[in-house]
Amino acid sequence: ASQGSGDDTSLNAIKIICNDAPKTNIMSGEGKWGDWSYEASCPSGKRLTGFKLKAEAPTDSDDTAANEITMYCEDNTILIPTFERSDLKYGQWGTYGNIKRCSAGTYICGVQSSIQEAYLGDYTSLNNVRFYCCP
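A brief look at the structure comes next. In this text, all values refer to a predicted model and were calculated from it rather than measured experimentally. (Residues numbered from 1 in each chain as written. Predicted model: local features only at pLDDT ≥ 70, side-chain atom pairs only at ≥ 80, totals over all residues. Heavy atoms only, no water.)

**Thoughts on unusual backbone geometry**
Generally, phi is negative for residues other than glycine and the peptide bonds are trans, each holding for most cases.
Turning to step 1, where the next piece is worked out: Phi is positive for asparagine 76, which is not a glycine, with a value near 75 degrees.
Turning to step 2, where the next piece is worked out: Relative to the helices and strands, asparagine 76 resides in the loop between strand E4 (66–73) and strand E5 (78–79).
Turning to step 3, where the next piece is worked out: Of the residues examined, asparagine 76 reaches a relative accessible area of 54% and is grouped as exposed. (Helix = DSSP H or I, 4+ residues; strand = E, 2+ residues; numbered from the N terminus. Buried < 20%, exposed > 50% of the residue type's maximum accessible area, 1.4 Å probe, protein only.)

**Structural notes on the state of the cysteines**
Turning to step 1, where the next piece is worked out: This structure, assessed with the given rule, holds 3 disulfides.
Turning to step 2, where the next piece is worked out: At a sulfur-sulfur separation of 2.1 Å, the disulfide partner of cysteine 42 is cysteine 73. The disulfide joining cysteine 42 to cysteine 73 has a torsion of about -95 degrees about its S-S bond and is therefore left-handed. A residue pair is termed long-range when its members are at least 10 positions apart, and cysteine 42 in the loop between strand E2 (24–27) and strand E3 (48–55) and cysteine 73 in strand E4 qualify at 31 residues.
Turning to step 3, where the next piece is worked out: With relative accessibility at 0%, the residue cysteine 73 sits in the buried group. (Disulfide = S-S within 2.5 Å.)

Below, the structure written as structure tokens:
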């Protein structure tokens with residue numbers, strides 16, 4: 001959430017929970033701040049096939065980099081973040097980029113992220129994400 005006069009980081013990690021048996025977690029690196037949001041699921045038997053990332057461009061003050069992610073299922077279900085509550089102000093900075101989708105017959109199977117290490121100064125935490133698609 002917004003830190004008021006403190007340093008904001010916004011999105012700190014992404015975890016995909018696969019419904020195989022046993023459940024497999026695919027996770028990006030993880031920044032050290034924040035709380036996990038709710039779990040969003042594709043309809044039964046459907047897989048993730050795309051995403052779009054909301055990010056803030058560099059500023060002259062408190063940078064946050066990645067703020068939110070919206071995921072897309074193969075049946076076109078959209079998993080929209082629910083943390084834009086006015087009392088918490090999650091993901092409030094930046095703009096969404098273009099939707100990136102796996103090619104036909106492939107699904108999201110891996111994730112890689114760019115995370116800024118903690119140091120004295122303006123932290124951004126998660127800066128960018130790349131998803132991998134597999135048949």
